[in-house]
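The chain contents come next:
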Amino acid sequence: SMVLGTQFDRGTRKAVDNKFRIDWVRRKSFAQKNNSEISALTTRFLFMDFAVFVKAGDFAWKLLPQYHSDLHWTIRAKKRGINLVLTDEVKFYLDQETSGVSISDVDSVKEVFANFFSKRNRVNPVYLSIFELLSAPWGLKLYNFFSTWIFSLFKLGKVLVRKI
């Protein structure tokens, strides 16, 4: 089994969702409390023994260098018969302010593009598309790929209009 505790924001002390059920049709992920419905876990403070780590296989770190590689890895682990388990017995705190970049919080058009394609951007369309192509069910791969690019370019356009 892979076991994950409860994550809290260090500043607010509120619980942060880090256990997901992915709905590939609606292109959303939902926080889960029920172990049987979990599709993926983050790997921050994920516990397992070495045999489980080996059975899960390697990360796709060249294709997914930052965000989504952990979700893809735990999705694959579940497909290989590894249980994804949640526990409230382990708590950990993370500084959400230092995690990732945004295209909205910058001043120049150059910075908008730099952050849009940064590997530290959780919604970088290149890496998000790769994640969807690797992880989504076969019948939904292209739907998710094109939806990601349409949504991302629309969001980029909205931010650029405000900056110009």
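Refer to the structure above for everything that follows.
What you are looking at is a predicted structure, and each value in this text was computed from that prediction instead of being measured.

## Considering the side chain of His72
Here His72 is to be found in helix α2 (residues 69-79). Within the local environment of His72, its side chain forms a polar contact with the side chain of Ser135, the two groups lying 2.8 Å apart. For His72, the contacting residues outside a window of four places in its chain are Ala60, Leu64, Phe131, Leu134 and Ser135.

## Focus: helix α4 (residues 125-135)
Within α4 the residues assigned to the buried category are Pro125, Leu128, Ser129, Phe131, Glu132 and Ser135. Down the axis, α4 shows its buried residues gathered within 160° of arc, on one side only. N-cap assignment for α4: the residue whose side-chain oxygen lies 2.8 Å from the backbone N of Val126 is Asn124.

## Points about the packing of aromatic side chains
As enumerated under the stated definition, the model contains 8 aromatic pairs in all. With 4.7 Å between their ring centres and 85° between their planes, Phe116 and Phe117 make a pair best called edge-to-face.

## Comments concerning the pattern of salt bridges
With the rule as written, the count across this model stands at 2 salt bridges. Between Arg26 and Asp23 there is a salt bridge, with its nearest N and O atoms 3.5 Å apart. Residue Asp23 is classed as buried on the basis of its relative accessible area of 16%. A salt bridge links Arg27 to Glu132, with the shortest nitrogen-to-oxygen separation between them at 3.2 Å. Highlighted residues: Arg27 in the loop between β3 (19-23) and β4 (28-31) and Glu132 in helix α4, separated in sequence by 105 residues. Exposure remark for Arg27: the relative accessible area of 27% places this residue in the partly exposed category.

## What about helix α5 (residues 141-163)?
Compared with the 33 Å implied by 1.5 Å per residue over 23 residues, the 33 Å span of α5 between its first and last C-alpha is a close match. Taken residue by residue, α5 has Lys141, Asn144, Ser147, Thr148, Ser152, Leu156, Val159 and Leu160 as its buried positions. On its buried face, α5 sits against α3 (109-116) and α4.

## Quick word on the packing of α2 against α4
At a minimum axis distance of 10 Å, the contact between α2 and α4 shows a crossing angle of 5°. Classified by the angle their axes make, α2 and α4 are roughly parallel. In this structure, α2 contributes Leu71, His72, Ile75 and Lys79 to the contact, and α4 contributes Phe131, Leu134 and Ser135. Within the contact of α2 with α4, the residues separate by chemical class into 4 nonpolar, 2 polar and 1 charged.

Calculation notes
Residues numbered from 1 in each chain as written. Predicted model: local features only at pLDDT ≥ 70, side-chain atom pairs only at ≥ 80, totals over all residues. Heavy atoms only, no water. Helix = DSSP H or I, 4+ residues; strand = E, 2+ residues; numbered from the N terminus. Polar contact = N/O pair within 3.5 Å; in protein donor to acceptor, adjacent residues only side chain to side chain. Contact = heavy atoms within 4.5 Å. Buried < 20%, exposed > 50% of the residue type's maximum accessible area, 1.4 Å probe, protein only. Arc of directions from axis to C-beta. Phe/Tyr/Trp six-rings, centres within 6.5 Å; stacked < 30°, edge-to-face > 60°. Salt bridge = Lys/Arg side-chain N within 4 Å of Asp/Glu carboxyl O. Expected span 1.5 Å × (residues − 1). Axes fitted to C-alpha atoms, helices over the stretch in contact; angles between N-to-C directions. Parallel < 35°, antiparallel > 145°, perpendicular 65-115°, else oblique. Nonpolar A, V, L, I, M, F, W, Y, C, P; charged D, E, K, R; others polar.

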